[in-house]
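Fold and geometry: a report
The primary structure of each chain is shown beneath.
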Amino acid sequence: MPQSLSKVYVHLIFSTKNRERTFRDDVRPNLHAYIGGILRDLDSPCIEINTEPDHAHLLLILSRTHTISDVVGQAKPGSSAWLKTRDRLYSQFHWQNGFGAFSVSQSGLAEVREYIRSQAEHHKRVSFQDEFRGFLKRYEVEFDERYVWD
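Our subject in this report is the structure included herewith. Position numbers for residues start from 1 in each chain and track the written sequence from start to end. A pLDDT threshold of at least 70 governs which residues receive local features in this predicted model, and a stricter bar of 80 or more applies before side-chain atom pairs are shown or counted, although totals over entire chains, interfaces and linings include all residues. Side-chain figures throughout are based on the complete set of non-hydrogen atoms in the structure, without hydrogens or water.

Helix length check: helix α2 (residues 68–84), at 17 residues, gives a terminal C-alpha distance of 24 Å against a target of 24 Å (1.5 Å per residue), a fit within 8%. Listed as buried for α2 are I68, V71, V72, A75, K76, S79, S80, W82 and L83. Down the axis of α2, the buried side of the element spans an arc of 165°, and every buried residue falls inside it. Numbering of helices and strands runs from the N terminus; a helix is a DSSP stretch of H or I covering at least four residues, while a strand is a stretch of E covering at least two. In this analysis, the expected span of each helix is defined as 1.5 Å times one less than the number of residues it contains. Working definition: with a 1.4 Å probe on protein chains only, accessible area under 20% of the residue-type maximum means buried, over 50% means exposed, and in between means partly exposed. Comment: arc refers to directions from the helix axis out to C-beta atoms.

Structure follows, in C-alpha cells:
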C-alpha cells in the first residue's frame, strides 16, 4: 500500500497540578479554543473538549505522524504558557506531569462526546480521582496509586 492511512480516536484526560481547582468559567471557552488550535496544528483535531476546575477531557483524532506523547507534550505546555498570560490568577499554573489516553471506537464516539459534555453534572456525584481510577480499571491499565497523582 503506497499510502499510510489511519483514524485513531483518543479520549485524553489530565489534571491540573495537585488537582488544584483553577479554572474559572470565563477562561474555559478560550482555553478550549487555544488547546484545539494546538491540536489542529499537530494534525490531531479535537472533536470535543471540556474542562472542569481541576482537569480536562479531550476527544481527538490522533495524527498518523505524531505520538500521543508528542501531542500531549505540546498541548499541555503550550496551553499552560498561554493561560499564564491571561490573568495573574494563572501566573503559577501547571498541568500535572502525566496523562491518561484511552482508545475510543467509531461506534462509541457519541457516547464519549456526551460524557465529556456532561462533566459538570457527572462531578456532582464522582470525584476526578475516582473517575480516573474507573478509567484505569475499565481499560485494565495496571497502576500504582503512589505514582498516579502529583
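What follows is about the environment of F143. As for its position among the elements, F143 is in the segment after α5 (128–138). Judged by its relative accessible area of 32%, F143 is partly exposed. Spatially, the C-alpha atoms of F143 and R133 are 9.2 Å apart, while their sequence positions differ by ten residues.

The next point concerns the sheet that holds strand β4 (residues 100–104). In space, the four strands of this open sheet follow the order β2-β3-β1-β4, with antiparallel pairing throughout. Edge positions in the sheet fall to β2 (46–52) and β4, since each of these pairs with one other strand and no more. Along the sheet, successive strands turn relative to each other by an average axial angle of 20°, direction set aside. DSSP bridges decide pairing: two strands pair if at least two such bridges lie between them. Pairing of strand β1 (residues 8–15) with strand β3 (residues 55–62), which is carried by eight bridges, proceeds in the antiparallel orientation. Bridge assignment links Y9 to a residue of β3, and that residue is I61. Between the N-to-C directions of two axes lies an angle of 0 to 180 degrees, each axis being a line fitted to C-alpha atoms and, for a helix, fitted only over the stretch in contact.

Here we take up the environment of Q119. Turning to its location among the elements, Q119 is positioned in helix α4 (residues 119–122). Since its relative accessible area comes to 0%, Q119 is described here as buried. Spatially, the C-alpha atoms of Q119 and E52 are 7.1 Å apart, while their sequence positions differ by 67 residues. Apart from residues no more than four positions distant in its own chain, Q119 is found in contact with N50, E52, H55, H57 and E131. Within 3.5 Å is the distance limit for a polar contact, defined as a pair of N or O atoms, with the added protein rule that one can donate a hydrogen and the other accept it, and that residues adjacent in sequence qualify only through two side-chain atoms. Side chain to side chain, Q119 and H123 meet in a polar contact 2.8 Å long. The contact criterion used throughout is that any non-hydrogen atoms of two residues lie within 4.5 Å.

Our focus in this paragraph is the side chain of T16. Secondary-structure assignment places T16 in the loop between β1 and α1 (28–41). When its relative accessible area of 1% is taken as the criterion, T16 is described as buried. When neighbours within four sequence positions are excluded, T16 is seen to be in contact with T22, F23, P53, D54, H55, F93, H94, W95 and Q96.

Centre distance and the angle of the planes are the two values used to describe a pair of aromatic rings. Aromatic pairing here means that ring centres of Phe, Tyr or Trp (its six-membered ring) are within 6.5 Å. Orientation follows from the plane angle: under 30 degrees is stacked, over 60 is edge-to-face, and everything else is tilted. Under the counting rule described, the total for this entry stands at 13 aromatic pairs. Geometrically, the ring pair formed by F102 and Y139 is tilted, given 4.9 Å between the ring centres and 45° between the ring planes. Taken together, the positions of F102 in strand β4 and Y139 in the segment after α5 put the pair 37 residues apart, joining distant regions of the chain. Taking the relative accessible area as the measure of exposure, F102 reaches 3% and is therefore buried. A relative accessible area of 34% means that Y139 is categorised as partly exposed.

Where α1 meets α2, the axes come as close as 9 Å, and the angle between the chain directions of the two elements is 140°. Along this stretch, α1 crosses α2, giving a crossing that reads as right-handed. Where α1 approaches α2, its residues N30, L31, Y34, I35, I38 and L39 are matched on the opposing element by V71, Q74, A75, G78, S79 and W82. Note on residue classes: Ala, Val, Leu, Ile, Met, Phe, Trp, Tyr, Cys and Pro are nonpolar, Asp, Glu, Lys and Arg are charged, and everything else, Gly too, is polar. Taken together, the residues of the contact of α1 with α2 sort by class into eight nonpolar, four polar and no charged. In this scheme, a crossing is called left-handed if the near helix is turned counterclockwise away from the far one by less than a right angle; it is called right-handed if the turn is clockwise.

The backbone phi angle of N18 is positive, close to 60°, even though this residue is not glycine. For N18, the position within the fold is in the loop between β1 and α1. According to the relative accessible area criterion, N18 is partly exposed, its value standing at 44%. In the Ramachandran plot, R19 falls in the positive-phi region, its phi being about 55° despite a non-glycine side chain. As for its position among the elements, R19 is in the loop between β1 and α1.

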